[in-house]
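Single-letter residue listing:
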Amino acid sequence: MSEIKSYHAHVYFDAETIAKARQLCEACRDRFGVEMGRVHEKPVGPHPDWSCQLAFEPDKAGDIIGWLATHRDGLVVLVHPETGQPLEDHRDHAIWMGAVRPLDLSIFDQ
């Protein structure tokens with residue numbers, strides 16, 4: 001297996017839950033010092049829903065994943081490692097909190 005260089009958590013939301021998602025992402029950023037990406041009000045990349053990305057180092061993964069699991073307040077969160085193999089990272093190594101959403105994996109070279 002490839003070395004895990006970092007992790008991404010993608011918090012999914014819609015027009016009704018955008019404030020809740022922004023609050024969750026900002027709280028995670030402030031508490032753990034994670035890198036918070038833009039709040040996308042449209043599907044981006046393989047993600048079928050609006051989302052915001054949180055990026056963090058492997059040594060913080062346990063604390064952050066546990067915190068997201070207990071603070072997501074019904075939001076769907078996808079967590080995956082970054083190993084340099086994006087297809088496998090999103091398809092085979094994904095950790096879902098809440099409903100599994102259909103990713104558009106066709107964007108990755110197979």
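Our structure is the block above this text.
Quick caveat, the model's predicted, so the values are computed rather than measured. (Residues numbered from 1 in each chain as written. Predicted model: local features only at pLDDT ≥ 70, side-chain atom pairs only at ≥ 80, totals over all residues. Heavy atoms only, no water.)

A.B. asks: Where do I start with helix 2 (residues 61-71) in this structure?
C.D. replies: What sets the pattern is the α-helix's 3.6 residues per turn: residues three or four places apart point alike. By the burial criterion, the buried members of helix 2 are A61, I64, I65, W67 and L68. Projected down its long axis, helix 2 carries its buried residues within an arc of 160°, all on one side. Of the residues in helix 2, the exposed ones pointing more than 90 degrees away from the buried face are G62, D63 and T70. Its buried side turned inward, helix 2 meets strand 1 (6-13), helix 1 (18-32), strand 3 (50-56), strand 4 (77-82) and strand 5 (95-97). Two residues or fewer after helix 2 comes D73, characterised by a positive phi angle close to 50°. (Buried < 20%, exposed > 50% of the residue type's maximum accessible area, 1.4 Å probe, protein only. Helix = DSSP H or I, 4+ residues; strand = E, 2+ residues; numbered from the N terminus. Arc of directions from axis to C-beta. Contact = heavy atoms within 4.5 Å.)

A.B. asks: Teacher, can you tell me more about the pattern of salt bridges here?
C.D. replies: Oppositely charged side chains are able to pair whenever their charged atoms sit close together. For the coordinates displayed, the defined rule picks out five salt bridges. D49 serves as the salt-bridge partner of R101, at 2.6 Å between the closest nitrogen and oxygen. Separated by 52 residues along the polypeptide, R101 in the segment after strand 5 and D49 in the loop between strand 2 (35-40) and strand 3 bring together distant segments of the chain. On the accessibility criterion, R101 (28% relative accessible area) is partly exposed. The salt bridge partner of E57 is K60, with a shortest N-O separation of 3.6 Å. (Salt bridge = Lys/Arg side-chain N within 4 Å of Asp/Glu carboxyl O.)

A.B. asks: What am I meant to see in the nonpolar core here?
C.D. replies: Side chains that are nonpolar tend, in soluble globular proteins, to be buried together. Within the largest apolar cluster, 24 residues are counted, with the highest numbers of intra-cluster contacts made by V11, C28, L54, F56, L68 and V79. Of all the secondary-structure elements, those providing two or more residues to this core are strand 1, helix 1, strand 3, helix 2 and strand 4. Ranked by residues supplied to this core, first place goes to helix 1 with six residues. In contact with V79, other than residues within four places in its own chain, are Y7, H8, A9, F56, I65, H93, A94, I95 and M97. (Core = buried A, V, L, I, M, F, W, Y, C linked by side-chain atoms within 4.5 Å.)

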